[in-house]
Amino acid sequence: MAGMGEGKGKKGDNGVGNAIDFVLSNARLVLGVGGAAVLGIATLAVKRMYDRAISAPSSPSKMDLRSAKQSWEEPSWIGASPRLLSRDMKVNVSRSLQTLPTTCEADGLKGASPSKKAQMDLKRARLRLSLQDKLFAYYSKHVVIPGGEVSRAKQAALDICAELRNFIHTKLPDMPLRDMYLSGSLYDDLQVITADHVQLMVPLILEKNLWATIPGEETIMNVPGFWLVRRENLEYFPRSSSHWDRCIVGGYLSPKVMIDTFDKLLSGSINWPAIGSVLDLIIRPVVPSETLTLEVQYDISKKLFIDFLPLLVMEDTMLIAKPHRNGRYENMWRQSFRTAETAKLRAQDKGDGGCRCCCLKILKAICKSNAPLNKLTASQLTNVILHSCEKESDWAAEMLADKFLLVLKELISYLEQGFLPCSLDTKVNLFLELTEEEIDDLGYMLYCSLSEPETLLNT
């Protein structure tokens, strides 16, 4: 905002612009983030009226007639500013704020004739149709992965899965594992831009009488979505009674130790260059990595990352050895909702031929292509869409633009609250691993894009 004040000051506004900028820059300290955002909108409106007054031409005939109607002919989906509109009140936020109607313009719209209102409604409809065309063009040009690339990536993953399965069964025939399988968005037709990642799920077999799961909200950490797996009945079945006792830390099965165990086995014992030459692939373990990940080059310019994920299935609960993003709760297992979330989304689309999956893939591609949005995960985006489906049931393909904007506004609303409940377990906050600053920055960028959502499609 300070940058805006400099430009006005040069016109000789007697310091009023600088005073306004000073108020805005310090509003957050006095009013908090939400108050600063509201004050920013109101003050900008006053400042714009002041600027017009001091720079008015001597003759009314020279006035720019466009300025009288500039705001109300902008898209109508702009909402109230959230608290996320903070962080130094960056200069380009003014573009988004300028599209918000002022009080005098709102009064003018209330008194507009029916024909004028009809013209405005028609223009808004055209804007949405324009966005719809751009969304479909973006989907076909940037989102969809060529079928040949998908096939090659799947074949490479399948070959490596077979090699790992054979190696483990030969090297450690007594290790209690169920059959490994490949999973992820590549197998659900939800991967975007390029086929570059899959998960190799490694289901562990645990003795039911030796292990018990404890949900995170019932522990001292109070963290829904993460679980402890406790060793039980040690008085009857002492240590070493279970193969997985070697991965115990403090009486609990540690996913970190589990990953380290597999890492030593696979990284230290397998000759990846030799296997790669046989499969016509270049295979390298990713180092350093919090999880066991393989980098596979299956084409000159194509790479595939395979995450090796130990998995526990306890009744209806799926737990994976994937650590907290910030390194916390390293002895806790992450609950995975991906399979159930994806099934629910696809079932809804199948039931009414909707555009939910299409909308999800567009949003995933946008986040993948825009570095500031990379921190938003597929699970978060999926759940925002699932929550939006509870509010609006019509997701026909011709409604894609409206639903895209709806999801953006819903996402901003959840960022404002700092809490995104999982649609399958509302106790779980899917924003748990984001810092407050990251949430503010994500909300700021998305809010600024509401006036021109097409800017998100620029790659």
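These figures come from a predicted structure and were not determined experimentally. (Residues numbered from 1 in each chain as written. Predicted model: local features only at pLDDT ≥ 70, side-chain atom pairs only at ≥ 80, totals over all residues. Heavy atoms only, no water.)

*Asks:* Sorry if this is basic, but what is going on with the overall build of the protein here?
*Replies:* The number of helices and strands found in the protein is 13 helices and 13 strands. For the protein, the proportion of its 459 residues judged to be buried stands at 47%. The long-range share in the protein, meaning contacts at least 24 apart out of those at least 6 apart in sequence, stands at 65%. Total accessible area computed for the protein in this model is approximately 22800 Å², and 55% of it derives from carbon and sulfur atoms. (Helix = DSSP H or I, 4+ residues; strand = E, 2+ residues; numbered from the N terminus. Buried < 20%, exposed > 50% of the residue type's maximum accessible area, 1.4 Å probe, protein only. Contact = heavy atoms within 4.5 Å. Areas by Shrake-Rupley, 256 points an atom, 1.4 Å probe, with all protein chains shown as cover.)

*Asks:* Explain the nonpolar core to me, please; I cannot follow it from the model alone.
*Replies:* Ranked by internal contacts, the top residues of the largest apolar core, which has 52 residues, are Ile-168, Trp-244, Leu-253 and Phe-262. Per element, the largest residue contribution to this core is nine residues, and it comes from helix H6 (residues 147–171). The contacts of Phe-262, once residues within four sequence positions are left out, are Ile-168, Met-175, Leu-177, Val-202, Leu-204, Trp-244, Ser-267, Leu-292, Phe-308 and Pro-310. Counting 50 residues, the second largest nonpolar core, distinct from the first, contains Phe-337, Leu-360, Leu-420 and Leu-456. (Core = buried A, V, L, I, M, F, W, Y, C linked by side-chain atoms within 4.5 Å.)

*Asks:* Is there a simple way to think about the pattern of salt bridges in this case?
*Replies:* Charged atoms that come close allow side chains of opposite charge to pair. For the structure shown, the criterion picks out 19 salt bridges. Arg-325 is paired through a salt bridge with Glu-438; the nearest N and O atoms lie 2.8 Å apart. Residue Arg-325 is located in the loop between strand S10 (317–320) and strand S11 (333–335), and its partner Glu-438 is located in helix H13 (residues 436–449); the two are separated by 113 residues in the primary sequence. Judged by its relative accessible area of 15%, Glu-438 is buried. For Glu-433, the salt bridge is made with Arg-334, and the minimal N-O distance between the two is 2.8 Å. Separated by 99 residues along the polypeptide, Glu-433 in the loop between strand S13 (425–429) and H13 and Arg-334 in strand S11 bring together distant segments of the chain. Judged by relative accessible area, Glu-433 falls into the buried class, the value being 16%. (Salt bridge = Lys/Arg side-chain N within 4 Å of Asp/Glu carboxyl O.)

*Asks:* Sorry, what's going on with the packing of aromatic side chains here?
*Replies:* Each pair of aromatic rings is reported with the distance of its centres and the angle of its planes. Evaluated as defined, the whole model comprises two aromatic pairs. Measuring from ring centre to ring centre gives 5.9 Å for Phe-226 and Tyr-329, while their planes differ by 45°; the resulting arrangement is tilted. With Phe-226 in strand S4 (residues 226–231) and Tyr-329 in the loop between S10 and S11, this residue pair connects regions lying 103 residues apart in the sequence. Residue Tyr-329 is classed as buried on the basis of its relative accessible area of 17%. Over the ring of Trp-211 we find Arg-231; its NZ or CZ atom is 5.8 Å from the centre of that ring. The ring of Trp-395 carries Lys-403 above its face, with NZ or CZ at 5.6 Å from the centroid. (Phe/Tyr/Trp six-rings, centres within 6.5 Å; stacked < 30°, edge-to-face > 60°. Lys NZ or Arg CZ within 6 Å of the ring centre and 35° of its normal.)

*Asks:* Looking at this model, I keep getting lost on the confidence of the model for the protein. Mind explaining?
*Replies:* Parts of the model with low pLDDT should not have their predicted coordinates read in detail. When the pLDDT values of the protein are averaged, the result is 81; 72% of them are 70 or greater. Averaged pLDDT values for the elements of the protein fall to 41 in helix H3 (residues 93–98) and rise to 98 in strand S12 (residues 421–422). (pLDDT = per-residue confidence, 0-100.)

*Asks:* Just to check I follow, could you spell out the packing of helix H10 (residues 356–369) against helix H12 (residues 400–417) for this structure?
*Replies:* In a packed pair of helices, the relevant descriptors are the angle between the two axes and the axis-to-axis distance. Where H10 contacts H12, the two axes come as close as 10 Å, and the packing angle between them is 55°. Taken as axis vectors, H10 and H12 run oblique relative to one another. Here H10 runs over H12; the crossing is right-handed. When H10 is examined against H12, the residues Cys-358, Cys-359, Ile-362, Leu-363 and Ile-366 are found in contact with a partner set consisting of Leu-400, Lys-403, Phe-404, Val-407 and Leu-408. Considering only residue class, the contact of H10 with H12 consists of nine nonpolar, no polar and one charged. (Axes fitted to C-alpha atoms, helices over the stretch in contact; angles between N-to-C directions. Parallel < 35°, antiparallel > 145°, perpendicular 65-115°, else oblique. Left-handed = near helix turned anticlockwise from the far one by under 90°. Nonpolar A, V, L, I, M, F, W, Y, C, P; charged D, E, K, R; others polar.)

*Asks:* What am I meant to see in the packing of H6 against helix H8 (residues 272–279) here?
*Replies:* It is the contact of H6 with H8, at a shortest axis distance of 11 Å, that shows an interaxial angle of 135°. Classified by the interaxial angle, the pair formed by H6 and H8 is oblique. Viewed along their axes, H6 and H8 form a crossing whose handedness is right-handed. Contacts from Asp-159, Ile-160, Glu-163 and Leu-164 of H6 reach H8 at Trp-272, Ile-275 and Leu-279. The residue inventory of the contact of H6 with H8, partitioned by class, reads five nonpolar, no polar and two charged.

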